[in-house]
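Fold and contact review
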Amino acid sequence: MSQHPAVPFSPARAGAAAVLALALGTLSPAAADVAPRNQPGDAVQKALNELVGGGFSGALAAVRERDGRSRNYTAGVGDLATRAKVPVNGQVRIASTTKTFTAAVVLQLAGEGKVELDVPVEKYLPNVVRGNGNDGRLITVRQLLQHTSGLPEHGKALAGTFFESQHRYFEPRELVDLALTQKPLFAPGKGWSYSNTGYVLLGLLVQKVTGRPIGAETTDRIITPLGLGDTYWPSPGEQRIRGPHPRAYKSRTGRPGGEPVDVSEMDPSRGWAAGQLVSTPRDVNRFLSALLGGKLLKPAMLEQMKRTVPVPGAPQGWGYGLGLTKIRLSCSGLAWGHSGDVGGYATRNGITEGGRSATVTATEKSVTAEGDKQLDSALDTALCAGKQRGGKPPAGRPGEGPAVRP
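All of these numbers come straight from a predicted model, not from anything done at the bench.

**Here's the deal with the overall build of the protein chain**
Each helix and strand in the protein chain was counted, giving 10 helices and 14 strands. Buried residues in the protein chain amount to 62% of all 406 residues. Split by element, the accessible area of the protein chain, about 14,900 Å² in all, is 51% carbon and sulfur.

Have a look at this one:
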């Protein structure tokens, strides 16, 4: 699942190995979008070209203006075997960006009076969080949303490598039980640590409260009303991505220069409510625009979502709200979003206070800190394009999660 908030999966991340720099792509407009002329000097195109030159096999992005006009970009290749181009606005696994969707559903339920944020999760999931000092009677719903619960990460308890469980289906309760084999990281509310397990519990909470699958609730409450036609919650056991998509690659060695292995087909259940969704850059931008534009949540709930806590090790000015990350931009001002990393796909996204949104996804995720820095810089460029940039974006970002991500 994703991991850092730009947004998340973690301060310690692992990615796919780097490959040789590939031929650079060109700006690719979709028929319904307004596209700029394909000028070599376009800042966003240049940023994507640099991602490919820096070790990613392919990259794609979309930038949406406040009035809805959208531009699409691609670079590199979408398939190392056939050398096919990266599809414009292709579908990708958005991993931890799913957390923002899950948080929005929980906050909608809170706005409807069906969920209380500051009561123990025990109220909704009795006897589920128990073991090795972990206690649902002491952890609130808000703490799950904000990663302040102290719950350990189920990814760290998964046996073997990514490749050994790539095609395995996990039940949500199985993920929770794996996490509970470990002791809590800290007392609830006394620290911050990115927890995919907390969002799996939130998915179970939604199901208990509504009596319906979290995927169905997400679809009916967000995906369908917003017309996100390229976004979907994979069915149990569904491993292939349905629409046109760049292939995802991961190194078996986990080191730069390792041979890339195609991992496009995988079972996303290890992410579930923390990272299962498939979407496109344009759809993610539309979602962020609707969310921060007040179309999904009542004002009081959106205000709570944007109420952040400090994140240890994050750049100055960054913070984590309820499934949402506050990002400080190099061109001054803030953006809100949530990154997502999972086997071979790395997504960064955000929306500025002025309403400009951008989503950037790269394939063959670099295992180096430099690769992560390049991705953050590309997002910063996309959000700041047209403004006077105040220097390089801050290095690093809030921790996102374990090396094993859904």
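After that view of the structure, there is still more to cover.
**Concerning the nonpolar core**
Formed by 105 residues in total, the largest nonpolar core has its most connected members in Val141, Leu145, Leu201, Phe287 and Met305. The greatest single-element share of this core, amounting to eight residues, is contributed by helix α2 (residues 98-111). Leave out the neighbours within four places in its chain, and Met305 touches Thr100, Ala103, Ala104, Leu107, Leu291, Leu297, Gly321, Leu322, Gly323 and Leu324.

**Here's the deal with the pairing of strand β2 (residues 70-76)**
For β2, the tally of buried residues reaches six of seven residues, placing the bulk of the element in the interior. Of the strand pairs in this sheet, strand β1 (residues 58-64) and β2 are connected by seven bridges, and their pairing is antiparallel. Pairing of Val63 across the sheet is with Arg71, part of β2. Linking two consecutive strands that pair antiparallel, namely β1 and β2, is a turn of five residues; a positive phi of about 95° is found at Gly68 within it.

**Here we look at the packing of aromatic side chains**
Any two aromatic rings considered together are summarised by their centre-to-centre distance and by the angle between their planes. All told, the structure shown has four aromatic pairs when counted by the stated rule. Look at Phe101 and Phe287: their rings are 3.7 Å apart centre to centre, the planes differ by 15°, and that puts the pair in the stacked class. Of this pair, Phe101 sits in helix α2 while Phe287 sits in helix α8 (residues 281-292), and the two are 186 residues apart along the sequence. Note on accessibility: Phe101 and Phe287 belong to one class, buried.

**Examining unusual backbone geometry**
Backbone geometry places Arg83, a non-glycine residue, at a positive phi of 65°. Turning to its location among the elements, Arg83 is positioned in the loop between β2 and β3 (92-93). Exposure remark for Arg83: the relative accessible area of 46% places this residue in the partly exposed category. In this model, Ala95 sits at a positive phi of 50°, which is unusual for a non-glycine residue.

**Some remarks on the state of the cysteines**
Applying the stated rule across the entire model yields one disulfide. Here Cys331 connects covalently by a disulfide to Cys384, the sulfurs 2.0 Å from one another. What sets the handedness of the Cys331 and Cys384 disulfide is the S-S torsion sign, and at about -75° it is left-handed. On the criterion of sequence distance, the pair formed by Cys331 in the loop between β10 (325-328) and β11 (334-337) and Cys384 in helix α10 (residues 369-384) is long-range, its members being 53 residues apart. Across this residue pair, the class does not change: Cys331 and Cys384 are buried.

**Here we look at helix α1 (residues 43-53)**
Within α1, burial applies to Val44, Gln45, Ala47, Leu48, Asn49, Leu51 and Val52. Turning to α1, the residues buried within the fold contact β1, β2, β14 (357-363) and α10. Capping of α1 at its N-terminal end is provided by Asp42; its side-chain oxygen lies 3.0 Å from the backbone amide nitrogen of Val44. Following α1 by one or two positions, Gly55 adopts a phi angle in the positive range, close to 125°.

**Describing the environment of Lys208**
Assignment of secondary structure puts Lys208 in helix α6 (residues 196-210). Assessed through its relative accessible area of 52%, Lys208 is described here as exposed.

**Some thoughts on the pairing of strand β13 (residues 345-352)**
A large share of β13 lies buried, amounting to eight of its eight residues. Alignment of β11 against β13, held across two bridges, turns out to be antiparallel. Bridged to Ala335 within β13 is Thr352. As judged from the three bridges shared by strand β12 (residues 340-342) and β13, these two strands associate in the antiparallel manner. Each bridged residue has a counterpart across the sheet, and for Val342 the counterpart in β13 is Tyr345. Where β12 folds back on β13, the antiparallel hairpin that results is connected by two residues, among which Gly344 adopts a positive phi of roughly 90°. Between β13 and the antiparallel strand that follows it, β14, lie four residues; Gly355 among them carries a positive phi value of about 100°.

**Description of the environment of Pro188**
By the element assignment, Pro188 lies in the loop between α5 (172-179) and α6. Taking relative accessible area as the criterion, Pro188 reaches 25% and is therefore assigned partly exposed. Measuring from C-alpha to C-alpha, the distance between Pro188 and His147 comes to 9.5 Å, with 41 residues separating the pair along the chain. Apart from the residues within four sequence positions on either side, Pro188 is in contact with Leu138, Ile139, Gln143, Thr148 and Ser149.

**Considerations on the side chain of Ser269**
Checked against the element boundaries, Ser269 lands in the loop between β7 (260-262) and β8 (278-279). A residue is classified by how much of its surface remains accessible, and Ser269, at 3% relative accessible area, is buried. Of the polar contacts made by the side chain of Ser269, one reaches the side chain of Asp267; its length is 2.7 Å. Other than its neighbours up to four places away in sequence, Ser269 contacts Arg168, Tyr169, Phe170, Leu175 and Gln276.

**Some words on the pattern of salt bridges**
Taken as a whole and assessed by the stated rule, the structure comprises 22 salt bridges. With its nearest N and O atoms 2.4 Å apart, the salt bridge here joins Lys123 to Glu116. Its relative accessible area of 40% is what places Glu116 among the partly exposed residues. Arg212 is paired through a salt bridge with Glu217; the nearest N and O atoms lie 2.5 Å apart. Judged by its relative accessible area of 6%, Glu217 is buried. Within this structure, Glu112, Lys114, Arg212, Glu217, Asp220 and Arg221 form a network of salt bridges that share partners.

Conventions and cut-offs
Numbers given for residues are sequential positions, taken from 1 along each chain in its written order. The predicted nature of this model means local features are confined to residues of pLDDT at least 70 and side-chain atom pairs, given and counted, to a pLDDT of 80 or more, with totals for whole chains, interfaces and linings taken over all residues. Side-chain metrics in this entry use all non-hydrogen atoms of the structure; hydrogen atoms and water are not considered. What counts as a helix is a DSSP run of H or I of at least four residues, what counts as a strand is a run of E of at least two, and both are numbered from the N terminus. Residue exposure (1.4 Å probe, protein chains only): buried if accessible area is under 20% of the type maximum, exposed if over 50%, otherwise partly exposed. Values of accessible area rely on a 1.4 Å probe in the Shrake-Rupley scheme; residue burial ignores everything except the protein chains shown. Here, the term nonpolar core denotes a set of buried Ala, Val, Leu, Ile, Met, Phe, Trp, Tyr and Cys residues that are joined through side-chain atoms within 4.5 Å. It only takes one pair of heavy atoms within 4.5 Å for two residues to be counted as in contact. Paired strands, in this sense, are two strands between which DSSP finds at least two bridges. When two rings of Phe, Tyr or Trp (its six-membered ring) have centres within 6.5 Å they constitute a pair, described as stacked for plane angles under 30 degrees, edge-to-face for angles over 60, and tilted for the intermediate range. When the sulfur atoms of two cysteines come within 2.5 Å, that pair is taken as a disulfide. Here a polar contact is taken to be a pair of N or O atoms separated by no more than 3.5 Å, where protein atoms must pair a possible hydrogen donor with a possible acceptor and residues adjacent in sequence count only if both atoms sit in side chains. Between Lys or Arg on one side and Asp or Glu on the other, a salt bridge is scored when a side-chain nitrogen of the former is within 4 Å of a carboxyl oxygen of the latter.

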